[in-house]
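Examination of the molecular architecture
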Amino acid sequence: MPSQIILASTSPYRKEILSKLGIPFCCCSPDIDETPLPQETPEAHVTRLAKEKARAGAQSFDQGLVIGSDQVAVINGKIIGKPLNHEAAVSQLTSASNQIITFYTGIALHNITTNETEARCETFKVHFRALTQAQIEYYLRKEQPYFCAGSFKSEGLGIALFNRLEGKDPNTLIGLPLITLIDMLARQGYVVLDHHPKSAY
């Protein structure tokens, strides 16, 4: 059984999510070009990048299972990224008010020994409340989610922005679909509930 799990991500959010499983893992930084291809759908884009991240992460290791993940948010057919500043965040949340944002999260698992990669795209929909400008300003000043796609942190006060969440795994919204990942790991012979590590990496 491959004993080493590698998370090809520097995201503190993905690291925190994976930690929920209580299994030992290490992290690496995948160096890839994340530019979308012409006419590439959001689903195809995140699935491709998840695979590329997992394979890039595998370059520094001799064995193990490498996890790659990527995410985009889409509103009214348009991909929205990280706002990076207050003004862009105000614009994003204003557009999201009383609308539905769909998050597409690609997840990939690469087996270094067999050179096989499995990848999937999971979707999660966020139904926003009708928001006033004062509410948007208050929320942004409070949490400053300027490096989060869609301009919110669902694990914090951001939950007050929504009236409904729609999807099979709330971890998908934060960036790492654990239910799907657990299934992928099992297909590689790594059963999370059966794996009791004696030491951590």
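Quick caveat: nothing in here was measured; it's all calculated off a predicted structure. (Residues numbered from 1 in each chain as written. Predicted model: local features only at pLDDT ≥ 70, side-chain atom pairs only at ≥ 80, totals over all residues. Heavy atoms only, no water.)

1. Digging into helix H2 (residues 42-57)
Because an α-helix packs 3.6 residues into every turn, residues spaced three or four apart end up facing the same way. Here is the rule: A run of H or I in DSSP becomes a helix once it reaches four residues, and a run of E becomes a strand once it reaches two; helices and strands are each numbered from the N terminus. What a helix should span is 1.5 Å times the count of its residues minus one. Think of it in three bands: residues with accessible area under 20% of the maximum for their type are buried, residues over 50% are exposed, and the middle band is partly exposed, with areas taken using a 1.4 Å probe on protein chains only. Contact between two residues is taken to exist if any of their heavy atoms lie within 4.5 Å; hydrogens are not considered.
Along its 16 residues, H2 runs 22 Å from first to last C-alpha, staying within 8% of the 22 Å computed at 1.5 Å per residue. Listed as buried for H2 are Pro42, His45, Val46, Thr47, Arg48, Leu49, Ala50, Lys53, Ala54 and Gly57. Its buried side turned inward, H2 meets strand E1 (5-8), strand E2 (26-28), strand E3 (65-75), strand E4 (78-80), strand E5 (100-111) and strand E6 (116-128).

2. Topic: the confidence of the model for the protein chain
Put simply, the rule reads: pLDDT: the predictor's confidence for each residue, scored from 0 to 100.
Confidence in the prediction of the protein chain, expressed as mean pLDDT, is 92, and 95% of residues score 70 or more. The element-level mean pLDDT for the protein chain is lowest in E4, coming to 87, with helix H4 (residues 133-143) highest at 98.

3. With respect to the pattern of salt bridges
Put simply, the rule is: Salt bridges are defined by distance alone: a side-chain nitrogen of Lys or Arg within 4 Å of a carboxyl oxygen of Asp or Glu.
Scanning the model with the defined rule gives nine salt bridges in all. Salt-bridge contacts for Glu34 lead to Lys53; the nearest nitrogen and oxygen are separated by 3.9 Å. In this pair, Glu34 sits in the loop between E2 and H2 while Lys53 sits in helix H2, placing the two residues 19 residues apart along the sequence. Assessed through its relative accessible area of 41%, Glu34 is described here as partly exposed.

4. Digging into the side chain of Arg14
How we decide: By the counting scheme adopted, Arg and Lys are positive, Glu and Asp are negative, and His together with the chain ends is not counted.
Relative to the helices and strands, Arg14 is located in helix H1 (residues 12-19). Nearest to the buried, unbridged Arg14 among oppositely charged side chains is Asp70, at 5.4 Å. Excluding residues within four positions of it along the chain, Arg14 makes contact with Leu7, Ser9, Ser69, Asp70, Gln71, Gly175 and Leu176.

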